[in-house]
2 protein chains.
Amino acid sequence: MVFGNMGDTSATGVAFTRDPASGERVFYGEYLINAQGEDVVAGVRTPHPIADLARQMPAAHKELMKVRAKLENHLKDMQELEFTIEDKRLYILQTRNGKRTGHAAVRIAVEMVGEKLITKKEAVRRVPADSLAHLLAPIFDRRSESQAKKIGSGLAAGPGAASGHVVFSAAEAVARSEKGEKVVLARIETSPEDLRGMIAAEGILTSRGGVSSHAALVARQMGKVCVCGATGIQIDYRKRTLSANGTTLKQGDYMSIDGTAGEVFAGEVATAPSEIVQVLVDRSLDGKKSATYQQYAKLMDWVDEFRKLNVRANADTPEQVANAVAFGAEGIGLCRTEHMFFEGDRIDAMREMILAGGKEDRAHALAKLLPYQRDDFIGIFTALKGLPATIRFLDPPLHEFLPNDPAQQEELANKLGVSVEQISRRVHELHEFNPMLGHRGCRLGIVYPEISEMQARAIFEAAAQVQGKDIKVRPEIMIPLVGFPRELKLQIEIVRRVAEKVAKEKKTKFHYLVGTMIEIPRAALVADEIARDAEFFSFGTNDLTQTALGMSRDDSGSFLPAYAELDIVDANPFASIDQKGVGRLMEITRDLGRKTRPDIKLGICGEHGGEPTSVKFCHRLGLDYVSCSPFRIPIARLAAAQAALEK
Amino acid sequence: MVFGNMGDTSATGVAFTRDPASGERVFYGEYLINAQGEDVVAGVRTPHPIADLARQMPAAHKELMKVRAKLENHLKDMQELEFTIEDKRLYILQTRNGKRTGHAAVRIAVEMVGEKLITKKEAVRRVPADSLAHLLAPIFDRRSESQAKKIGSGLAAGPGAASGHVVFSAAEAVARSEKGEKVVLARIETSPEDLRGMIAAEGILTSRGGVSSHAALVARQMGKVCVCGATGIQIDYRKRTLSANGTTLKQGDYMSIDGTAGEVFAGEVATAPSEIVQVLVDRSLDGKKSATYQQYAKLMDWVDEFRKLNVRANADTPEQVANAVAFGAEGIGLCRTEHMFFEGDRIDAMREMILAGGKEDRAHALAKLLPYQRDDFIGIFTALKGLPATIRFLDPPLHEFLPNDPAQQEELANKLGVSVEQISRRVHELHEFNPMLGHRGCRLGIVYPEISEMQARAIFEAAAQVQGKDIKVRPEIMIPLVGFPRELKLQIEIVRRVAEKVAKEKKTKFHYLVGTMIEIPRAALVADEIARDAEFFSFGTNDLTQTALGMSRDDSGSFLPAYAELDIVDANPFASIDQKGVGRLMEITRDLGRKTRPDIKLGICGEHGGEPTSVKFCHRLGLDYVSCSPFRIPIARLAAAQAALEK
């Protein structure tokens, strides 16, 4: 036993060999004169910063600095150490690798390579892949946050910080944002109809839904700040109020959300964007002037040296593609064509198509959609500069595109010149008990082949145009929700026929692949047959998880928390791949697929593609690539490198 | 070439060596003097019955009778032959095995064994298993039907014929039936809340839903006549009318439905119950006095001689169990405990349980349900007389038990002394996007273990009481919707704990099994782990089909017809097991399950258990039993025997 409470020549303290928050190579810590370790922890007396020790006990301080150097040299990592000084004599009670923020993890790893303490491999191994999210997220000014009034909390669904005027509808979000206002969109839950509002908002708050809800998914893909499932918060659309813990905010009131901690505040809290985003995405900062960016860039260079798995992005617009490429995407792994239909007037043409009485009316409405889709693909192919793009045909059930609300139905009726009854009847007809298992995916293209035909034409016409500008175009057309080999065969026939036709019309040639998503257990079980026609498989692990586990992502909030508590699941299967179940289906698919087509391209485009444990699993499976939302690309790249370095 | 139109000594005709409708051993057919074959088909002239030929052309008739005997002796089956008489000389143009009704198929097969034309094995092989449904179904009087006005058609979902006053709600069906009225229940679609009305009705008509809809499922299980998905029929609940083809029926008007042909009539058509049902179920007819029953019984004796697969019944009440045993069930393969909750006042206790604020309130409501469940099980165990009973714990999502309709919510609020808002809030809370994949099955028992505890207690207290009367009780407790091994483990712990406790209380011993349904792909993939705890597996192929194919049974009507037309599917996967997908998961389960527990009991309790092709597949898989609705047991027995006779 040593004692730090033997008078004023004794002390006790805790120190870090580097700053655990910033990673800076400074000695960092605090101590108390005439005290024991528990006194520091108890916080009754205010400790001194470690720098003061040099003045108060110069010998002990000098000794401590020697220990610091020795420990780092020996243990090759930033140390958190407990020390006691008993009558001027230093004793080290304990040392261990210190906990650190994401920023610190990167800086320490990179600088230790510079100091030749560790190798590049070790640096790559050491930075927790997820911690890169901290580097990319805007953050609240800490002082400002401590003055704000916390009114609730939910799931940390999109890391970062956002402040703005609270609004309760997508339309209001768009309207205010167009006037230059910053808004936070608060919804009970979000749906594809809210997309424009979500894009317009600084952050998204929902009172219902888990980390894989629509809100969270979109937030991650766009790098939006998001707190979801804040169940203690009552949102009243009619009154346009949000109430929690005795505080009621009206529309337009200021509020702030912290998507890293999952906290909700009334009032404004100041934020700042990540420097890395300023350099890569906003291009408002010169990378050479940002130390954070420099460290990040150095680490990512090493990462790319070691990793074997390619990393692609889930991106639906030219802007997202540009972001993705900036973050190092090697192509698009999932371009969801339906997201394009919600922008501007297109939704009306889409709705006209859905309301069409027969094939001819439908073709008429589809003809209106064709130029929109073609323009989108032109933008995407151009932004990709020759990188491949996996484009998924229309996937969601059609009712998602029609308004449920009677007022909106009336508005649409006036716009399209049809009766409200016609619209409400169609909404009723399209209603499904379990839409996730309903008329969607390739089932749409099978029943309405003219939709697939239009989409194929849009892709190839765009390809022809971009190729004309000497930019390579590599479309990989992906048919969703295939369960029966013949579904794919029939859809591929359409694609190949249209490709040939457009090639002739435009006097050009196309280099493209056609493949399918594996997102239904049956597809995994007959992958050998499907591989006869499919040139690639992309695992749609979101839906594959829902079907393999018989568990709806949107409804699992009522029992998954209990499942975690009772150790039934190791992790949320919608966040990290369920390796024994979903993963087994992936193995079966790989083996059966390669049996038929040894060089079949294998990828994953579910949300799991940006989650480190899942990325490592995909590496072990021997996939060609993972695809994730643009803001998770650095994380996926790092995880892929770590997987390659695992023995 | 021969010519039947060479004058009055020539003729042409078609004949059956036995009556193809009844199977009676009489020569049956028709002919035209001075005509060619096409004249018979064209139906311009009315042909003579074949008996007249004996008078008109005695020599040719005699010859024809010789041919008849020769053909049957040689071909060993009832023949349909085309003949021509050219100037008194008989020519046989063609002969083939004749098409026949179910009644005829059985009678001919059984009588040919008596005539030593064929063996018992051949007789069993020859009767199409499905055709037994005809023997069991009540039928319309054909003359009465031809005078009735057909107003629509739908899917033939429950074979047989039913007439009655049309009603549009379960409550009305019950009320009128209690007054002794026969009613046909017409609904847009049915839900578990309609159960009592469906039981009370002679037949069920729905304007929406396929052959696997709730209506069809219940109809088959109860042997109810049902036409479903009659899309041309408009049902207006508010006006209480049914309109189709210009005819409008008001509540109380007479209507008739033919569930064998899928036809809907305005007005009354007379019906008669099947003689086999009169003997076995109604016990209103002495089997010795019914030739149809005698033939059926003989065939079924041979069937049981050859089959290896056991056949159990899906039955939820003592009445259904008694019917099932009468039809030859060797136990219950699926007793759905939740069906019991809809009867009488129990639904109120169930609703109280669901509305309960906390564990204590819930326990209070569950205590009210306990005696109901116990009484049900006493009835069931008694009716089973020692046969085993697989009892499934609560499965459906809780919102199915609460009323959606505001008026019903108000009624319930008054009954339970709570506010309407409380009920509507709970309904809202329990709403799910994809209820099929939501909070149901063992997920309920995990989150609310007190429910499983009550159910286990009800089973064991009932078992103790029935055992006290010297009747063996063999409960097989089945945990639904298991996907993770630990779900089962936790539920089994409850079952074993309660069993021990009740055994001590009642000073008795129980012989029971605990197992699980395999109805989620993940369960199949980790069946080796699940088999560590499960003493049996029962394939829930309804849900396994939905999850493995990512296809909702209730929503597939919008694309499955196109899928059949385009040869994407061979058969409706909800009617006949999808052998490549779902069947593959069953094989995986069998192999993994037996690896851990070689003697694990394997069965199937999905609707497929009563479908001949699926039954044969189950035989080849080596299952121990199939379980199906009571009225399909003879069909399953026959199919099982045919499978055993296949090489």
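Model, not experiment: these values are computed from the prediction. (Residues numbered from 1 in each chain as written. Chains lettered and ligands numbered in written order. Predicted model: local features only at pLDDT ≥ 70, side-chain atom pairs only at ≥ 80, totals over all residues. Heavy atoms only, no water.)

For the rest of this paragraph, the subject is the overall build of chain A. Scanning chain A from N- to C-terminus turns up 27 helices and 26 strands. The globule rule puts the C-alpha radius of gyration for 647 residues at 26 Å, and the 28 Å found for chain A is close to it. Along the three orthogonal principal directions, the C-alpha set of chain A runs to about 95 × 60 × 50 Å. Sequence separation of at least 24 residues holds for 66% of the intrachain contacts in chain A that already meet a minimum separation of 6. About 26,100 Å² of surface is accessible on chain A, with carbon and sulfur atoms providing 49% of the total. Of the side-chain charges in chain A, 85 are positive and 86 negative, and the distance between the mean point of each set is 5 Å. (Helix = DSSP H or I, 4+ residues; strand = E, 2+ residues; numbered from the N terminus. Rg over C-alpha atoms; globule rule 2.2 N^0.38 Å. Contact = heavy atoms within 4.5 Å. Areas by Shrake-Rupley, 256 points an atom, 1.4 Å probe, with all protein chains shown as cover. Lys, Arg positive; Asp, Glu negative; His and termini not counted. Charge placed at Lys NZ, Arg CZ, Asp CG, Glu CD.)

Our next topic: the environment of Arg312 of chain A. Residues and elements named next belong to chain A. Tracing the backbone through its elements, the reader meets Arg312 in strand β19 (residues 310-314). According to the relative accessible area criterion, Arg312 is buried, its value standing at 4%. Between the C-alpha atoms of Arg312 and Val325, which are 13 residues apart in sequence, the distance is 8.8 Å. Of the polar contacts made by the side chain of Arg312, one reaches the backbone oxygen of Ile332; its length is 3.2 Å. A polar contact of 3.1 Å, which involves the side chain of Arg312, links it to the side chain of Glu476. (Buried < 20%, exposed > 50% of the residue type's maximum accessible area, 1.4 Å probe, protein only. Polar contact = N/O pair within 3.5 Å; in protein donor to acceptor, adjacent residues only side chain to side chain.)

Opposite the 48 residues of chain B that make contact, chain A presents 48 residues. Summed over both sides, the interface between chain B and chain A buries roughly 4,500 Å², with carbon and sulfur atoms accounting for 60% of that surface. When the buried area of chain B at its contact with chain A is split by residue, Phe433, Leu437 and Phe484 of chain B rank highest and sum to 14% of it. Here chain B and chain A share 4 salt bridges between them. Across the salt bridge formed by Glu529 of chain B and Lys580 of chain A, the nearest N and O atoms sit 2.9 Å from each other. Across the chain B-chain A interface, the total number found is 26 residue pairs in polar contact (both at pLDDT 80 or more). Those elements that place two or more of their residues in the side of chain B that touches chain A are α18 (442-447), α20 (485-506), α21 (521-525), α23 (541-548), α24 (560-565) and α25 (582-596) of chain B. Counting residues per element, the side of chain B that touches chain A draws most heavily on α18 of chain B, which supplies 4 residues. Here the side of chain B that touches chain A is composed, by residue class, of 24 nonpolar, 10 polar and 14 charged. (Buried area = accessible area lost by both parts, 1.4 Å probe. Salt bridge = Lys/Arg side-chain N within 4 Å of Asp/Glu carboxyl O. Nonpolar A, V, L, I, M, F, W, Y, C, P; charged D, E, K, R; others polar.)

Moving on: the relation of the copies chain B and chain A. Here two copies of a chain appear, and what relates them is a rotation about an axis with a shift along it. Overlaying chain B on chain A yields an RMSD of 0.2 Å, the required transformation being a rotation through 180° with an accompanying axial translation of 0.2 Å. Such a combination of turn and shift is consistent with a two-fold rotation axis. An overlap of 100% is found between the interface residues of chain B and their copies at the interface of chain A, pointing to a shared contact surface. (Least-squares fit on C-alpha atoms with pLDDT ≥ 70 in both.)

Attention now moves to the nonpolar core. Ranked by internal contacts, the top residues of the largest apolar core, which has 300 residues, are Phe381, Phe460 and Met586 of chain A together with Phe381, Phe460 and Met586 of chain B. With residues up to four places along the chain from it excluded, the contact list for Phe460 of chain A reads Ile477, Val495, Val498, Ala499, Val502, Phe510 and Tyr512 of chain A. (Core = buried A, V, L, I, M, F, W, Y, C linked by side-chain atoms within 4.5 Å.)

For Arg283 of chain B, which is not glycine, the phi dihedral falls at a positive 50°. Here Arg283 of chain B shows up in the loop between α11 (275-280) and α12 (291-306).

Strands belonging to one sheet form pairs held by backbone hydrogen bonds; the direction of such a pair is parallel or antiparallel. Residue and element names in this part refer to chain B. Reading across the sheet, the 3 strands line up as β13-β14-β15 and stay open at both edges, with antiparallel pairing between neighbours. Strands with a single pairing partner mark the edges of an open sheet, and in this sheet they are β13 (234-236) and β15 (247-250). Sheet twist, expressed as the mean angle between neighbouring strand axes with direction ignored, is 15°. (Pairing = 2+ DSSP bridges. Axes fitted to C-alpha atoms, helices over the stretch in contact; angles between N-to-C directions.)

Residue and element names in this part refer to chain B. By the secondary structure assignment, Ala326 is in helix α13 (residues 318-326). Considered as a pair, Ala326 and Ile633 are 307 residues apart in the sequence and their alpha carbons are 9.7 Å apart. Setting aside residues no more than four positions away along its own chain, Ala326 makes contact with Leu280 and Arg283.

Another aspect to go through is the packing of α25 of chain B against helix α26 (residues 612-621) of chain B. All names here are of chain B. The N-to-C vectors of α25 and α26 enclose an angle of 25°; their axes lie 11 Å apart at closest approach. For the element pair α25 / α26, the angle class is roughly parallel. Between α25 and α26 lies a crossing whose hand is right-handed. Facing α25, whose interface residues are Gly583, Met586, Glu587 and Arg590, α26 presents Phe617, Cys618, Arg620 and Leu621. Partitioning the contact of α25 with α26 into residue classes produces 4 nonpolar, 1 polar and 3 charged. (Parallel < 35°, antiparallel > 145°, perpendicular 65-115°, else oblique. Left-handed = near helix turned anticlockwise from the far one by under 90°.)

With that settled, consider the sheet that holds strand β15 (residues 247-250) of chain A. Residue and element names in this part refer to chain A. Pairing is antiparallel in the open sheet, where 3 strands are placed in the order β13-β14-β15. Taken across any chain shown, the strands that pair with only one partner, and hence form the sheet edges, are β13 (234-236) and β15. Taking the axes of each pair of neighbouring strands and ignoring which way they run, one obtains an average angle of 15° across the sheet. Of the strand pairs in this sheet, strand β14 (residues 241-244) and β15 are connected by 4 bridges, and their pairing is antiparallel. Note that in β15 the partner of Ser243 across the bridge is Thr248.

This model, assessed by the stated rule, comprises 86 salt bridges over all chains. Through salt bridges with shared partners, a single network forms among Asp77, Arg100, Glu122, Arg125 and Arg126 of chain A.

With that out of the way, let us pick up the packing of aromatic side chains. Describing an aromatic ring pair means giving the distance of the ring centres and the angle of the ring planes. Within this structure, the stated rule accounts for 18 aromatic pairs over all chains. An angle of 70° between the planes, with centres 4.9 Å apart, marks the rings of Phe460 of chain A and Tyr512 of chain A as edge-to-face. Separated by 52 residues along the polypeptide, Phe460 of chain A in helix α19 (residues 449-467) and Tyr512 of chain A in the loop between α20 (485-506) and β23 (513-518) bring together distant segments of the chain. There is no split in this pair, since Phe460 of chain A and Tyr512 of chain A are both buried. Measuring from ring centre to ring centre gives 4.9 Å for Phe460 of chain B and Phe510 of chain B, while their planes differ by 45°; the resulting arrangement is tilted. With Phe460 of chain B in helix α19 (residues 449-467) and Phe510 of chain B in the loop between α20 and β23 (513-518), this pair connects stretches of sequence that are 50 residues apart. Phe460 of chain B sits in the buried class, given a relative accessible area of 0%. A network of ring pairs unites the aromatic residues Phe460, Phe510 and Tyr512 of chain A as a single cluster. Here the guanidinium or amino end of Arg312 of chain A rests over the ring plane of Tyr625 of chain A, the centre of that ring lying 4.2 Å away. (Phe/Tyr/Trp six-rings, centres within 6.5 Å; stacked < 30°, edge-to-face > 60°. Lys NZ or Arg CZ within 6 Å of the ring centre and 35° of its normal.)

Residues and elements named next belong to chain A. Judged by side-chain polarity, Met1, Phe3 and Met6 come together as a nonpolar surface patch covering roughly 390 Å² of accessible area. For Phe3, the position within the fold is in the segment before β1 (11-16). The exposure class of Phe3 is partly exposed, given its relative accessible area of 33%. (Patch = residues over 30% accessible without salt bridge, like charges linked within 9 Å, V, L, I, M, F, W, Y side chains within 5 Å.)

Residue and element names in this part refer to chain A. With their axes 8 Å apart at the nearest point, helix α12 (residues 291-306) and helix α27 (residues 633-645) run at an angle of 45° to one another. Considering their axes alone, α12 and α27 lie oblique with respect to each other. Crossing of α12 over α27 shows left-handed handedness. Across the interface between the two elements, Tyr296, Met300, Val303, Asp304 and Phe306 of α12 pack against Pro634, Arg637, Leu638, Ala641, Ala644 and Leu645 of α27. Here the contact of α12 with α27 is built from residues that sort into 9 nonpolar, no polar and 2 charged.

Residues and elements named next belong to chain A. Every buried residue of helix α16 (residues 406-416) is accounted for by Gln409, Leu412 and Ala413. Looking down the long axis of α16, one finds its buried residues gathered within 105° of arc, a one-sided arrangement. Projecting away from the buried face of α16 at angles above 90 degrees are the exposed residues Ala407, Asn414 and Lys415. Those residues of α16 that are buried lie in contact with α14 (346-355) and α17 (420-430). (Arc of directions from axis to C-beta.)

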